[in-house]
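Given next are the chains, with one letter for each unit.
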Amino acid sequence: MTSFARDQWYVAAYGTEVGRELFTRTVCGESILFWRTGAGEVTAMADRCVHRRFPLSEKPSRLDGDRVVCGYHGFTYGADGVCVGVPGQRRVPRTARLTSYPVEERDSFVWVWIGEREKADTALIPRAPWLDSPHYTTVYGMEPLAARYGLLVDNLLDLSHETYLHGGYIGTPEVAETPITTEVDERAGIVRVSRHMDDAECPPFYSTSTGIQGRITRWQDIEYHAPCLYLLHSRIAPVGTPPPRPDGTDPDAFHVEVVYAITPETEHSTHDFWAVARDFALDDTGVSDFLRENNRTVVLQDVVALDTLEKIVATEPEGTQELSINIDTGGLAARRILKRLIAQGISASAATAPAAPAAPAVVAAVAP
Amino acid sequence: MTSFARDQWYVAAYGTEVGRELFTRTVCGESILFWRTGAGEVTAMADRCVHRRFPLSEKPSRLDGDRVVCGYHGFTYGADGVCVGVPGQRRVPRTARLTSYPVEERDSFVWVWIGEREKADTALIPRAPWLDSPHYTTVYGMEPLAARYGLLVDNLLDLSHETYLHGGYIGTPEVAETPITTEVDERAGIVRVSRHMDDAECPPFYSTSTGIQGRITRWQDIEYHAPCLYLLHSRIAPVGTPPPRPDGTDPDAFHVEVVYAITPETEHSTHDFWAVARDFALDDTGVSDFLRENNRTVVLQDVVALDTLEKIVATEPEGTQELSINIDTGGLAARRILKRLIAQGISASAATAPAAPAAPAVVAAVAP
Amino acid sequence: MTSFARDQWYVAAYGTEVGRELFTRTVCGESILFWRTGAGEVTAMADRCVHRRFPLSEKPSRLDGDRVVCGYHGFTYGADGVCVGVPGQRRVPRTARLTSYPVEERDSFVWVWIGEREKADTALIPRAPWLDSPHYTTVYGMEPLAARYGLLVDNLLDLSHETYLHGGYIGTPEVAETPITTEVDERAGIVRVSRHMDDAECPPFYSTSTGIQGRITRWQDIEYHAPCLYLLHSRIAPVGTPPPRPDGTDPDAFHVEVVYAITPETEHSTHDFWAVARDFALDDTGVSDFLRENNRTVVLQDVVALDTLEKIVATEPEGTQELSINIDTGGLAARRILKRLIAQGISASAATAPAAPAAPAVVAAVAP
């Protein structure tokens, strides 16, 4: 049984990754080909030729203007996935078309819809406006994770691990010590976990980037929009700084928006997109370099830990149990929501269509 | 369910590979030991000691005259596979014998029979006489393929891929553009696919080896003898050259016989034997070196593509469909014939024998 | 179905391997954490945090005095496996405890009990007193084997393979030629195999270490205490040396006690512990270095052969048969005893407890 939630938007790439070269990424087990037309539009279609399944992203497949030419036998497709040429005959079979995917470029991400095409409403895409806002400077990256996406959801919803796994980078004793509050919007599929530390040590990640010396008030306000988008609103200010004003402005504090997109690649691997947007030192490339390097190090600490956990979870006996405590409230809520989204995707697909294979569903036939 | 056709001859090796060293190759999932007796005869027997299954091809197993001595406990076998000595006792159990395989050296190949011994008729072996003819010069090799043999059959029966996958080597636009004719001899299990290009670009493979400058008539006449032997009769001549004479001679054209033996190793791997025999520049080692290097490059382009396809096919959902067109007529016929041969091999084996394990079927017993 | 005998003692490590660093070893599929308390006692507990299963042996998990701190979220455990601290709350759930294992340090080995705790009687541990006796000097090591433990049991109970696999080291023609006698104590689970060679070539292993020139009487007396401990009492003396005296002393011969502990790691891998204790040249480091290097070479010859066999056995069809002869009498007895021990362990576990997962069996619950 699949563990992916279908009928959902997922981040497939940064917009900067997709250009006039053929680019492939697997999302929820589906291999998708991305490229940008001459006019600059991102396209998304199945990365398997309908003829003999050769990957269109693989050399010597190539882009020829706004057409993709398969490197095996030369089947040629337009930006809509429709086949426009085959070898040895003039007539192109009408069924020769690649599955194409709804795709939307937003907030510097390329979002792709996995599920039934007609349900793909771009209004459902959760936002991360800081990433391409002129009032923020953003550093970002993506690390491949050899672990199921659920382990990354667990990880990010329980930041007590910063103290242990990321000590010396973003963790201090106060993170693990300070209780959290959790709010769950079951209908919208959003989990909010907050931890406000009034008087805490300032970890290197923030002291070096902000220049604060001494202790801080540190707020961690998580918003997880299941299944893919995770936002951590981080507020840092020297102890004694006034709180945000009633109008919502907060000129005396530093704000960092840490954004993760958690995109399942296969049942046992995940694309771990991460971005760090700040509202200070906007033009300071030294700060950018430091935050990029430091956050990447932190992400790689998670990657090592979660890759290890995946090997354990993948081989442990059915029914192995965990022990959960208060800090896990948000993570358990996220699991519950994901379970519901997965079930909804399955029943929707069962209701409206015969079981569809993941690969191009064209009929094998010799077209004369 | 196996996908190998049993009761068939397969190419196991070139004769030059088998000598007075123990040599092993797996054919249709059966690990077979080959060596040449002092008198020069090739032998073929199971590559697993009957005692504890140690591979007889593995050091410190060794050849001692016309006997093989197992490197684990010293069980010793004659050229017929019968055990002639065991450690710690004089009496050799009567059941101690290795399965031996019918084997025939012909046209530079070592052919082995996979199936019921009594059906092994050497008259059934298809011929490739050019390979050791004094009127031809041959270059050859073998590349291991991490793909099921069916993908190589598909590949070789549809040469339109030369234009795309092998452009700059053997492919030109005319190969993909020119329609084919296909003839199928269902009873004999032979598929013939022909493509005659009257006025075509001469690819480097032929221009460099023949010295032809300018355009050519190029004939590709395929004969596939299922399951193992593939012949491509290639005729190349400058445009305007007279056709072959009524008596079959063809003194003004160049002829290249491209031979493949497609031998399944396991369900997911194949021995890709290839040979190129020519009737010109017989003593020109420069031409030999060029053709060997160039054909090997072409074969490795196929290997990369088919290894990629294997990974896709091996993980795709059951029932994934392909779209076939005219160029696939020969390949689809080959699949149909292979399917029949596989079914025949299974029903024959079911009719005449109890299910036999692939490994030596000797009885476990303490022989006093 | 498991192939491990439960309710048994197994060698998990040499005592020298376990200190004030976290040390992990998998025994019979169970990942176990070992460390020594400040007072010097060896502890053994499950190497998986009860919270999210992070391995306690994996950095940044660490030892803090006599407590282990998990590197993921900081769950902290005492030497008895009981959890004494969790993040974000004062109350520690009562069910938060790691499975702890009975453990005993003896004869230089760390023995661990795999099975029901209350049956763990240290009187059942078989002895190898030479290993830490002042009258013997011992060299030792452990080689990881990518093969099921049964293949190592087969190997060690049939030393005829010394002649072939270990020729030039410990094998001579007489080992394979000389018949054996076998005694089986089914109730105690002990197999004894003896081979007394009255006039044999002296292999380099013994000629170099003892200095004997010329032929020897060589006794090999095996005692296998299923499942884990294998003793080879080896007596070497120049031909003509008087036999051992009636009082058991044997001053004119050289004695080497070769000890193996055969510890299953997983279904397909084994810890191959080996030690060589001698009663001569006690202070000669040259002899120690020679025996260590030579025995390690011999063990690695077995490792290569058994790793090869594992690949064969793991992929061969169900019901593949072997042929056994006189030399296999001891090995077949060992298989029979192991089969019984495995069945006993399974039925005991079925009788006294519900099916228990290998990992910490604590209940998933949010402890408020």
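These numbers come from a predicted model, not from an experiment.

What counts and what doesn't
Residues numbered from 1 in each chain as written. Chains lettered and ligands numbered in written order. Predicted model: local features only at pLDDT ≥ 70, side-chain atom pairs only at ≥ 80, totals over all residues. Helix = DSSP H or I, 4+ residues; strand = E, 2+ residues; numbered from the N terminus. Rg over C-alpha atoms; globule rule 2.2 N^0.38 Å. Buried ≥ 20, exposed ≤ 12 C-beta atoms within 10 Å, placed from the backbone. Contact = placed C-beta atoms within 7 Å. Pairing = 2+ DSSP bridges. Domains from an automatic or database assignment. Nonpolar A, V, L, I, M, F, W, Y, C, P; charged D, E, K, R; others polar. Core = buried A, V, L, I, M, F, W, Y, C linked by C-beta atoms within 7 Å. Least-squares fit on C-alpha atoms with pLDDT ≥ 70 in both. Axes fitted to C-alpha atoms, helices over the stretch in contact; angles between N-to-C directions. Parallel < 35°, antiparallel > 145°, perpendicular 65-115°, else oblique. Left-handed = near helix turned anticlockwise from the far one by under 90°. pLDDT = per-residue confidence, 0-100. Expected span 1.5 Å × (residues − 1).

Q: With reference to specific residues and values, describe the overall build of chain A.
A: For chain A, the count of helices and strands is six helices and 18 strands. Expected size for 368 residues packed as a compact globule is a radius of gyration near 21 Å; at 23 Å, chain A falls within 12% of this value. The principal-axis extents of the C-alpha atoms in chain A amount to approximately 80 × 50 × 35 Å. Buried positions account for 46% of the 368 residues belonging to chain A. In chain A, 60% of the contacts between residues at least 6 apart in sequence involve partners at least 24 apart.

Q: Describe the pairing of strand E13 (residues 190-200) of chain A, with residues and values.
A: Residues and elements named next belong to chain A. Judged from the five bridges that link them, strand E12 (residues 181-185) and E13 form a sheet pairing that is antiparallel. Bridge pairing in E13 links Glu-183 to Arg-192. From the end of E12 to the start of E13, which pair antiparallel, there are four residues, and Gly-189 there has a positive phi angle of about 70 degrees. Pairing of E13 with strand E14 (residues 216-225), which is carried by nine bridges, proceeds in the antiparallel orientation. Bridge pairing in E14 places Val-193 opposite Ile-222.

Q: Could you give me a rundown of the domain arrangement of chain A, with the residues and numbers involved?
A: A common way to report how large an interface is uses the accessible area buried once the components associate. All names here are of chain A. The assigned domain composition of chain A is domain 1 (8-122) and domain 2 (129-343). Domain 1 puts 13 residues into the contact, and the matching count from domain 2 is 13 residues. If you list the elements that add at least two residues to the side of domain 1 that touches domain 2, you get strand E1 (8-14) and strand E2 (23-27). The element best represented in the side of domain 1 that touches domain 2 is E1, accounting for six residues. Residue classes in the side of domain 1 that touches domain 2 are distributed as eight nonpolar, four polar and one charged.

Q: Tell me about the nonpolar core, and please be specific about residues and values.
A: Counting 288 residues, the largest nonpolar core has A:Phe34, A:Val112, B:Phe34, B:Val112, C:Phe34 and C:Val112 as its most contacted members. In this view, C:Phe34 contacts C:Ala12, C:Ala13, C:Val18, C:Phe23, C:Arg25, C:Val42, C:Thr43, C:Ala44 and C:Val110; residues no more than four positions away in its chain are not counted.

Q: Explain the interface of chain B and chain A residue by residue, including any values.
A: Contacts between the two partners involve 30 residues from chain B and, on the opposite side, 30 residues from chain A. Within the residue set of the side of chain B that touches chain A, elements represented by two or more residues are helix H2 (161-165), helix H3 (173-177), helix H5 (285-315), strand E18 (324-325) and helix H6 (329-352) of chain B. Broken down by element, the side of chain B that touches chain A gets its largest block of residues, five residues, from H5(B).

Q: Residues and numbers for the interface of chain B and chain C, please.
A: Counting residues at the interface gives 30 residues for chain B and 30 residues for chain C. Across the side of chain B that touches chain C, the residue classes break down as 19 nonpolar, seven polar and four charged.

Q: Let's hear about the environment of C:Glu17: which residues, and what values?
A: Within the fold, C:Glu17 resides in the loop between strand E1 (8-14) and strand E2 (23-27). For the pair C:Glu17 and C:Phe34, spaced 17 residues apart in the sequence, the C-alpha separation amounts to 9.4 Å.

Q: Run through the environment of B:Val304, naming residues and quoting values.
A: Along the chain, the position of B:Val304 falls in helix H5. A count of 12 C-beta atoms within 10 Å places B:Val304 in the exposed class.

Q: An account of the relation of the copies chain B and chain A is requested, with residue identities and associated values reported.
A: What relates the pair of chain copies is a rotation about an axis plus a shift along that axis. When chain B is fitted to chain A, the residual RMSD is 0.0 Å, and the transformation amounts to a turn of 120 degrees plus an axial shift of 0.1 Å. The superposition operator between the copies reduces to a three-fold rotation axis. Relative to the rotation axis, the C-alpha of B:Thr315 is the closest in chain B, positioned 12 Å from it.

Q: Hey, could you go over the packing of helix H1 (residues 149-157) of chain A against helix H5 (residues 285-315) of chain A for me, with residue numbers and the actual values?
A: Residue and element names in this part refer to chain A. At a minimum axis separation of 10 Å, H1 and H5 run at an interaxial angle of 130 degrees. Considering the angle they form, H1 stands oblique to H5. In this structure, H1 meets H5 at a crossing whose hand is right-handed. For the pair formed by H1 and H5, the contact residues are Leu-151, Leu-152 and Asn-155 on the first element and Asp-302, Leu-306, Leu-309 and Glu-310 on the second. In terms of residue class, the contact of H1 with H5 is made up of four nonpolar, one polar and two charged.

Q: Now, about the confidence of the model for chain A: what can you tell me, with residues and values included?
A: All names here are of chain A. Summing up the model confidence of chain A, the mean pLDDT is 94 and the portion of residues at 70 or higher is 95%. pLDDT under 50 marks residues 354-368. Its contacts with residues more than four places away, or in other chains, come to 38 contacts. Among the scores for the predicted complex, ipTM is 0.92 and pTM is 0.93.

Q: Break down the sheet that holds strand E9 (residues 103-106) of chain B for me, citing the residues and quoting the values.
A: Residue and element names in this part refer to chain B. The three strands are arranged E1-E10-E9 in an open sheet whose pairing can be described as antiparallel. What marks the edges here is a single partner per strand, and that holds for strand E1 (8-14) and E9. Between one strand and the next, the sheet's axes are offset by a mean angle of 30 degrees, whatever the strand orientation.

Q: Account for the environment of A:Phe290, naming residues and giving values.
A: Residues and elements named next belong to chain A. Here Phe-290 is to be found in helix H5. The partly exposed category is assigned to Phe-290, around which 17 C-beta atoms lie within 10 Å. Those residues in contact with Phe-290 that sit more than four places away from it in its chain are Thr-208 and Ser-209.

Q: Residue-level account of the sheet that holds strand E6 (residues 67-69) of chain C, with values.
A: Residues and elements named next belong to chain C. The four strands lie next to each other as E5-E6-E7-E8, forming an open sheet whose pairing is antiparallel. Only two strands of the sheet have a single neighbouring strand rather than two, namely strand E5 (62-64) and strand E8 (83-85). Pairing analysis gives two bridges linking E6 to strand E7 (residues 76-77), with the strands arranged antiparallel. Directly across from Val-69, in E7, lies its bridge partner Thr-76.

Q: Residues and numbers for H5(B), please.
A: All names here are of chain B. Between the first and last C-alpha of H5 there are 45 Å, a value that for 31 residues agrees with the 45 Å anticipated at 1.5 Å per step. All of the buried residues in H5 are Leu-291, Asn-294, Asn-295, Val-298, Gln-301, Asp-302, Ala-305, Leu-306 and Leu-309. Contacts from the buried residues of H5 go to strand E11 (137-145), helix H1 (149-157), H2, helix H4 (204-210) and strand E17 (269-278).

Q: Give me the lowdown on unusual backbone geometry, citing residues and values where you can.
A: Residues B:Ala226 and B:Pro227 are joined by a peptide bond in cis, for which omega reads 0 degrees. Tracing the backbone through its elements, the reader meets B:Pro227 in the loop between strand E14 (216-225) and strand E15 (229-238). At C:Arg53, a position not held by glycine, the phi torsion is positive, near 70 degrees. Relative to the helices and strands, C:Arg53 resides in the loop between strand E4 (42-46) and E5. Even without glycine at this site, C:Ser108 takes up a positive phi of about 80 degrees.

Q: Any chance you could break down the pairing of E15(B) for me, citing the residues and the numbers?
A: Residues and elements named next belong to chain B. As defined by bridge partners, E14 adjoins E15 across ten bridges and the pair is classed as antiparallel. Note that in E15 the partner of Thr-217 across the bridge is Ala-237. Where E14 folds back onto E15 in an antiparallel hairpin, the turn is made up of three residues. Two strands pair when backbone bridges link them, and E15 and strand E16 (residues 254-266) are joined in this way by eight bridges, in the antiparallel orientation. Among the inter-strand pairings, Leu-231 is bridged to a residue of E16, identified as Val-259.

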